[in-house]
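Now for the letters of each chain:
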Amino acid sequence: DAKTTQPNSMESNEEEPVHLPCNHSTISGTDYIHWYRQLPSQGPEYVIHGLTSNVNNRMASLAIAEDRKSSTLILHRATLRDAAVYYCILRDVGQGAQKLVFGQGTRLTINP
Amino acid sequence: GAGVSQTPSNKVTEKGKYVELRCDPISGHTALYWYRQSLGQGPEFLIYFQGTGAADDSGLPNDRFFAVRPEGSVSTLKIQRTERGDSAVYLCASSFSAYEQYFGPGTRLTVT
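Note that residues are indexed from 1 along each chain, following the sequence as it is written. Throughout, the order in which chains and ligands are written sets their labels, letters from A for the former and numbers from 1 for the latter. Two thresholds apply to this predicted model, a pLDDT of at least 70 for residue-level local features and 80 or more for giving and counting side-chain atom pairs, whereas whole-chain, interface and lining totals are computed over all residues. Side-chain figures throughout are based on the complete set of non-hydrogen atoms in the structure, without hydrogens or water.

Side note on the side chain of T107(B)
Residue and element names in this part refer to chain B. Just so we agree on the cut-off: Numbering goes from the N terminus for both helices and strands, where a helix is a DSSP run of H or I of at least four residues and a strand is a run of E of at least two. Two N or O atoms count as a polar contact when they lie within 3.5 Å, although within protein this holds only if one can serve as hydrogen donor and the other as acceptor, and sequence-adjacent residues are included solely when both atoms are side-chain atoms. In what follows, residue pairs with any heavy atoms lying within 4.5 Å of each other are defined as contacts.
Along the chain, T107 turns up in strand 11 (residues 107–111). A polar contact is formed between the side chain of T107 and the backbone oxygen of P8, at a distance of 2.5 Å. Other than its neighbours up to four places away in sequence, T107 contacts Q6, T7, P8, S9, L21, A88, V89 and Y90.

Dropping the structure here:
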């Protein structure tokens, strides 16, 4: 699986939007971009995934650059509950690559 | 519905002892994964089951680690002759698709 690069930490304020960046310059054409988050003392939680087009769900939006070498996870209105470590992961599901390869992730702090 | 459950939530054992960690996946999920997470690190893949068989065990660190899923549902991770370096949170996840994995709360293993 191709490697991703994320900032170690970010900080934002409650009720403001948060943009979490991820660089993946060596992404292949069949790699899907996945985001998971891990709240304190819990297992990781699926957030969103995409291939080429921007994606929206109830939790977040995923903006994918046209060349697919970077992406941004957008939390539209952060709450204290969104404080977590966010992981950006590439996965070539087409080749049956089932495992998730986690990096260090971005630790997001939300200020009240 | 019920999520992935793991028992015990905490396990303290002495160096050299044998331990078993149990995972109950979400009903109907054919894929099951084991990861382990050391303090301050992202989860690290151990093994993946599709049904009853281990489809990918490339992450098992050595032959002291073994996992089974005899009926394609519950899985047990077995660690023989535990070492202090085995101390970590062991996470289990299950999925029905190639995209989302649902994680349990983990078992915190401490080897003294």
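Quick word on the pattern of salt bridges
The condition that has to hold: For this document, the term salt bridge refers to a Lys or Arg side-chain nitrogen within 4 Å of an Asp or Glu carboxyl oxygen. Classification of residues uses two cut-offs on accessible area relative to the type maximum, computed with a 1.4 Å probe and protein chains only: under 20% is buried, over 50% is exposed, and between them is partly exposed.
Throughout the structure, instances matching the rule amount to seven salt bridges over all chains. Where D82(A) meets R37(A), a salt bridge forms, and the shortest distance between an N and an O atom there is 2.8 Å. Of the two residues, D82(A) is situated in the loop between strand 7 (70–75) and strand 8 (84–91) and R37(A) in strand 3 (residues 32–38); the sequence distance between them amounts to 45 residues. By the burial criterion, D82(A) is buried, and R37(A) matches it. The salt bridge partner of E83(B) is R64(B), with a shortest N-O separation of 3.5 Å.

Things to note about the pairing of strand 9 (residues 106–111) of chain A
All names here are of chain A. Counted only if it meets this: What makes two strands pair is DSSP finding at least two bridges between them.
Burial of strand 9 is one-sided: the residues T106, L108 and I110 facing one way are buried, the residues R107, T109 and N111 facing the other way are not. Bridging between strand 1 (residues 9–13) and strand 9 involves five bridges; their strand directions are parallel. Paired with S9 across the bridge in strand 9 is R107. Where strand 8 meets strand 9, three bridges bridge the pair, whose relative direction is antiparallel. Looking at strand 9, one finds that Y86 is bridged to T106.

Some points on the interface of chain B and chain A
Selection criterion: Any residue that is not Ala, Val, Leu, Ile, Met, Phe, Trp, Tyr, Cys, Pro, Asp, Glu, Lys or Arg is counted as polar, Gly included; the first ten are nonpolar and the last four charged.
In this assembly, 19 residues from chain B lie in contact with 17 residues from chain A. Where chain B touches chain A, the interface holds seven residue pairs in polar contact (both at pLDDT 80 or more). Among the elements that take part in the side of chain B that touches chain A, strand 4 (residues 31–37) of chain B stands out by supplying three residues, more than any other. Within the side of chain B that touches chain A, the residues separate by chemical class into ten nonpolar, seven polar and two charged.

Thoughts on the environment of A78(A)
Residues and elements named next belong to chain A. Structurally, A78 can be placed in the loop between strand 7 and strand 8. Separated by 65 residues in sequence, A78 and N13 place their C-alpha atoms 7.2 Å apart. If we skip the residues at most four places from it in the chain, A78 touches N13, E14, E15, E16, V18 and I110.

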